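Now for the letters of each chain:
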Amino acid sequence: MAVQTGIDLQGLVKTFRTPNGPVRAVRGVDIAIAPGETVALLGPNGAGKSTTIDMLLGLAEPDAGTVSLFGGTPADAIASGRVGAMLQTGGLLRELTVRELVAMMAALYPRPLGVDEVLELTGLQATAAQRTEKLSGGQAQRVRFACALVSNPDLLVLDEPTVAMDVEGRHTFWTTMREFASRGTTIVFATHYLEEADDFADRAVLMAHGRVVADGPTTEIKARVGSRTIRATLAGVEDGALRTLPGVASVERRGAAITLRCTDSDVAIRALLTAYPAASDVEISGAGLEEAFLELTGGEDEDNDDRTVAA
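Note that the structure is a prediction, hence the values are computed from the model and not measured.

Moving on: the side chain of Arg 142. When you line up the elements, Arg 142 lands in helix α5 (residues 137-149). Every residue in contact with Arg 142, bar those within four places of it in the chain, is listed here: Thr 122, Gly 123, Leu 124, Met 165, Asp 166, Glu 168 and Gly 169.

Following this line, the structure appears as structure tokens:
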């Protein structure tokens, strides 16, 4: 059955009481996600990402606001097997093989994927007979992923899914995610690997101090940061001389390679090539997602509620 309604978070607020006073973890978060969309949730530690995910999954009740999954409550969506989740916390059941654990999880859902299919998708065929307590950190992470997939969910929610995975494991993971996204599965993932968001998300939601500070395709978020960078090979020129070029804000050097961060790259490149025609291997690039992330999530006034950027 085609899913007509996606995920809708409206006005979410969550405060935790601590011995040092209340901590406002989430402060008025609004996020709407269409069916089949892949959305990355980004932000520094303490931004409210995991708390937002907990409320999305019904693991925490918001103090204010509403959560709707496919037109119903999180409990309804989970009970019908439409949600698969892979969280940072929680261990695997011991004294079971990987295959036994995945098969046990499959038995809990009305329309699961085949166990062999899930083991192949997650690269666990070689460890299927191994007991869970004997797994490495990366293998255990793959098993958590397999447990999230086996329900054949309409929504996959993943909190730091590739932590502890090696390069091969991360490649396998994202190959599988592409496959599920192509089937129309809605995917929400939180990550500290910004290149993963840039490469795989249709859209990124940046959070800081419990608020959404930017929401849109990563290309548009990067475009909001106006700085551009010029990279070139140029030996024998003092950094101080390069800093005096018009349009240049700062200079970095690694051997003969220079990086000029610019307030006006058009003016800067003309000045560079006029003053130093020996410059070679010249490249001009826009701001990366990391730069946009740092600019949009850094230095926010904790009491300023008017920081949302609609990319």
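With a phi close to 55 degrees, Phe 70 is a non-glycine residue in the positive phi region. Among the structural elements, Phe 70 can be located in the loop between β4 (64-69) and α2 (74-79). Taking the relative accessible area as the measure of exposure, Phe 70 reaches 12% and is therefore buried. The residue Asn 152 is not glycine, and still its phi comes out positive at about 60 degrees. Along the chain, Asn 152 turns up in the loop between α5 and β6 (155-159).

Take the sheet that holds β4 next. Spatially, three strands are ordered β2-β1-β4 in an open sheet, and the strand pairing comes out antiparallel. Taken across any chain shown, the strands that pair with only one partner, and hence form the sheet edges, are β2 (21-33) and β4. Each strand of the sheet is rotated relative to its neighbour by a mean of 25 degrees, with strand direction disregarded. Direction of pairing for strand β1 (residues 7-18) relative to β2: antiparallel, over a ladder of ten bridges. Paired with Thr 15 across the strands is Arg 24, a residue of β2. Packing of helix α1 (residues 49-56) onto the sheet brings it into contact with β1, β2 and β4, and relative to β1 it is tilted by some 120 degrees.

Where α5 meets helix α6 (residues 167-182), the axes come as close as 12 Å, and the angle between the chain directions of the two elements is 10 degrees. When the axes of α5 and α6 are compared, the pair comes out roughly parallel. The residues of α6 that touch α5, namely those facing Arg 142, Phe 145 and Leu 149, are Glu 168, Gly 169, Phe 173, Thr 176, Met 177 and Phe 180.

Attention shifts here to the confidence of the model for the protein. Residues with a pLDDT of 70 or more make up 93% of the protein, whose mean pLDDT is 87. Segment residues 299-311 is flagged for pLDDT under 50; beyond a separation of four residues in sequence, or across chains, it makes 29 contacts in the model.

It is worth spelling out the environment of Glu 95 at this point. Along the chain, Glu 95 falls in the loop between β5 (83-86) and α3 (98-106). C-alpha of Glu 95 to C-alpha of Glu 168: the two residues are 73 residues apart in sequence and 27 Å apart in space. Each residue touching Glu 95, except ones within four places of it in the same chain, is listed here: Arg 131, Thr 132 and Glu 133.

On to the side chain of Thr 162, then. With respect to the helices and strands, the residue Thr 162 is situated in the loop between β6 and α6. Assessed through its relative accessible area of 1%, Thr 162 is described here as buried. Here the side chain of Thr 162 touches Glu 196 through a polar contact of 2.8 Å, side chain to side chain. Setting aside residues up to four positions removed in sequence, Thr 162 forms contacts with Gln 141, Arg 170, Phe 173, Trp 174, Tyr 193 and Glu 196.

A word on the environment of Thr 176. By the secondary structure assignment, Thr 176 is in helix α6. Measuring from C-alpha to C-alpha, the distance between Thr 176 and Val 118 comes to 9.7 Å, with 58 residues separating the pair along the chain. Setting aside residues no more than four positions away along its own chain, Thr 176 makes contact with Leu 121, Thr 122, Phe 145 and Leu 149. A distance of 2.4 Å separates a polar side-chain atom of Thr 176 from the backbone oxygen of Leu 121.

What counts, and at which threshold
Residues numbered from 1 in each chain as written. Predicted model: local features only at pLDDT ≥ 70, side-chain atom pairs only at ≥ 80, totals over all residues. Heavy atoms only, no water. Helix = DSSP H or I, 4+ residues; strand = E, 2+ residues; numbered from the N terminus. Contact = heavy atoms within 4.5 Å. Buried < 20%, exposed > 50% of the residue type's maximum accessible area, 1.4 Å probe, protein only. Pairing = 2+ DSSP bridges. Axes fitted to C-alpha atoms, helices over the stretch in contact; angles between N-to-C directions. Parallel < 35°, antiparallel > 145°, perpendicular 65-115°, else oblique. pLDDT = per-residue confidence, 0-100. Polar contact = N/O pair within 3.5 Å; in protein donor to acceptor, adjacent residues only side chain to side chain.

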